[in-house]
Structures are given as structure tokens and as C-alpha cells.
Amino acid sequence: MDDLTTWLRAQLDEEEQMALGCLAGSGPVWEPSDEGYEEFPATVLAAQDAGQAGKPTFGRNWSRIIVTESRVAPHIAYWDPARVLAEVDAKRRVLDQCEGLSRSPVNTGDDTTQYSATRVYEVVTLLAAPYANRPGFRDEWQPDVLFGDVSV
């Protein structure tokens, strides 16, 4: 599991850096807007201050991100830097918990210890699955390869 968690943490670090890079040019909270130009019908307004969220008005505290497809603006706004950073933090916390569980198994004298370790590893592979298209991802980390169909 160490290779997988190391690789996954590197992906999270990269996501965090991209989100922080966006903060430098815009702001933490983005909102879709129909205040576009004729050639660019939609925009995403980026708040310079998280306290401005939900009050998009282009001007001093907001910057405009021009989007060429109006249906894309809500998706871009949904994945604003604040959300990405919160998601990275949550995934890191889940990884911390999983690593702690995998390093200190409770031996109950039956198959429970092995089952728990397998479930912890399964959780980590599920966290890694969205990054499967990135360099370094191994086929053996695919949840369906390891555990079969994991859908609920």
C-alpha cells in the first residue's frame, strides 16, 4: 500500500498546486454568470475574497474568467479553488486514517484482521481511481482488478 499512497499523495500535491496557482490570478470562490460577451456568451466570476461568495457582481472584488461554452461555466465554477483545496484536504485525512489502520491492525484471532486490511486497501484504491489516467498509475491499483465490481 505504501507505493499507492505515496503516488496518490503526489497527485493530491499536484492538484493543490494547481488550485493555489488559480488563486493567484483570480480568487477562491467562483460563480457562473451570464454576463458574457457576444463571442463568449458565458463567464465565471471569481471572488477575490471568500466572503463575497454568492454575491457575484463584476467589479472591484471579482475577476472575470471567459468561457467559450455556456454549459461549461457552471462546471468550472463548481470546481473552484476553494472546493478543490477542501477536497484535497479531505482525501489526505482519509489517507491518514487508512495508513493508521493498516499499520496497527487488531488481531482478533480470526480472519477479521486480514479482512480489515483488505478493506482499508480497497478504500485507498477507490480514492486513487479518478487519477488512473495519470502517469505512474499501475493497473493493479484498479479497484475492479483487485476486488471485482465494487459498486454498491
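Below or above, wherever it landed, is the structure these notes cover. Within every chain, residues take consecutive numbers counted from 1 along the sequence as written. Restriction of local features to residues with pLDDT of at least 70 applies here, the model being predicted, together with a cutoff of 80 or more for giving and counting side-chain atom pairs; totals for whole chains, interfaces and linings are based on all residues. As a rule here, side-chain values cover all heavy atoms of the structure and leave hydrogens and water aside.

## Let's talk about the overall build of the chain
Okay, step 1: Helix and strand assignments come from DSSP, with helices taken as H or I runs of at least 4 residues and strands as E runs of at least 2, each series counted from the N terminus. If you tally the helices and strands in the chain, you get 5 helices and 3 strands.
Okay, step 2: Sequence-ordered secondary structure for the chain, helices as α and strands as β, is α-β-β-β-α-α-α-α.
Okay, step 3: Buried, partly exposed and exposed residues are distinguished by accessible area as a fraction of the type maximum, computed with a 1.4 Å probe on protein chains only: under 20%, between the cut-offs, and over 50%, respectively. By the burial criterion, 31% of the 152 residues in the chain qualify as buried.
Okay, step 4: We call two residues in contact whenever any of their non-hydrogen atoms come within 4.5 Å of each other. Put simply, 57% of the contacts in the chain that link residues at least 6 apart link residues at least 24 apart.
Okay, step 5: Accessible surface computed for the chain: about 9,300 Å², of which carbon and sulfur atoms make up 53%. Each accessible area value is a Shrake-Rupley result obtained with a 1.4 Å probe; residue values ignore everything except the protein chains displayed when judging cover.

## Observations concerning the pattern of salt bridges
Okay, step 1: The working definition used for a salt bridge is a side-chain nitrogen of Lys or Arg within 4 Å of a carboxyl oxygen of Asp or Glu. Using the criterion set out here, one finds 11 salt bridges in the structure.
Okay, step 2: A salt bridge links Arg92 to Asp13; its shortest N-O distance comes to 2.6 Å. Remark: Asp13 occurs in helix α1 (residues 2-25) and Arg92 occurs in helix α3 (residues 81-103); sequence separation between them is 79 residues.
Okay, step 3: The buried category is assigned to Arg92, whose relative accessible area is 19%.
Okay, step 4: Residues participating in the shared-partner salt-bridge network are Asp3, Arg138 and Glu140.

## Quick look at the nonpolar core
Okay, step 1: Ranked by internal contacts, the top residues of the largest apolar core, which has 17 residues, are Leu4, Trp7, Leu8, Leu95, Val124, Ala128 and Trp141.
Okay, step 2: Looking at this core, the elements with two or more residues in it are α1, α3 and α4 (112-128). By nonpolar core we mean a set of buried residues, namely Ala, Val, Leu, Ile, Met, Phe, Trp, Tyr and Cys, connected to one another through side-chain atoms within 4.5 Å.

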